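Overview (structure and organization)
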Amino acid sequence: MNNLNSTPRILRWKQVASIIPWSRSYAYDLMNQGLFPKPRKLIAGGQAVGWLDSDIDAYMRSLAENMEGLRND
């Protein structure tokens, strides 16, 4: 049986917004620059999108590491 903790989770915008420290429009600007994870379509041909929690987690960890590096300089 699969471990629920290893099952990929999909986050919708409200969940992502509660994690990141900026607005939706800024997040989309970052996506267009290739600096923030892009959402994935939930259903082929549909409009609903979501982000893998692992993508958001990796991004936030990278951001925190960069902040630490700036603080130590």
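Rules and cut-offs
- Residues numbered from 1 in each chain as written.
- Predicted model: local features only at pLDDT ≥ 70, side-chain atom pairs only at ≥ 80, totals over all residues.
- Heavy atoms only, no water.
- Core = buried A, V, L, I, M, F, W, Y, C linked by side-chain atoms within 4.5 Å.
- Buried < 20%, exposed > 50% of the residue type's maximum accessible area, 1.4 Å probe, protein only.
- Helix = DSSP H or I, 4+ residues; strand = E, 2+ residues; numbered from the N terminus.
- Contact = heavy atoms within 4.5 Å.
- Salt bridge = Lys/Arg side-chain N within 4 Å of Asp/Glu carboxyl O.
- Pairing = 2+ DSSP bridges.

**Concerning the nonpolar core**
With 11 residues, the main nonpolar core is built from Leu11, Trp13, Val16, Ile20, Ala27, Leu30, Met31, Phe36, Trp51, Ile56 and Tyr59. Within the residue set of this core, elements represented by two or more residues are α1 (13-17), α2 (24-32) and α3 (53-72). By residue number, the principal contributor to this core is α2, which donates three residues. Apart from the residues within four sequence positions on either side, Leu11 is in contact with Val16, Ile19, Gly50, Trp51, Asp53 and Ile56.

**Things to note about the pattern of salt bridges**
All chains considered together, the criterion is met by two salt bridges. For the salt bridge of Arg61 with Asp57, the shortest nitrogen-to-oxygen distance reads 2.9 Å. Highlighted residues: Arg61 and Asp57, both in helix α3, separated by four residues, approximately one helical turn. The exposure class assigned to Asp57 is partly exposed, which follows from its relative accessible area of 38%.

**Some thoughts on the sheet that holds strand β3 (residues 49-52)**
Strand order in the open sheet formed by three strands is β1-β3-β2, and the pairing between neighbours is antiparallel. At either margin of the open sheet sits one strand with a lone partner, and together these are β1 (10-11) and β2 (40-41). In this structure, β1 lies alongside β3, joined through two bridges in antiparallel fashion. Within the sheet, the bridge partner assigned to Ile10 lies in β3 and is Leu52.

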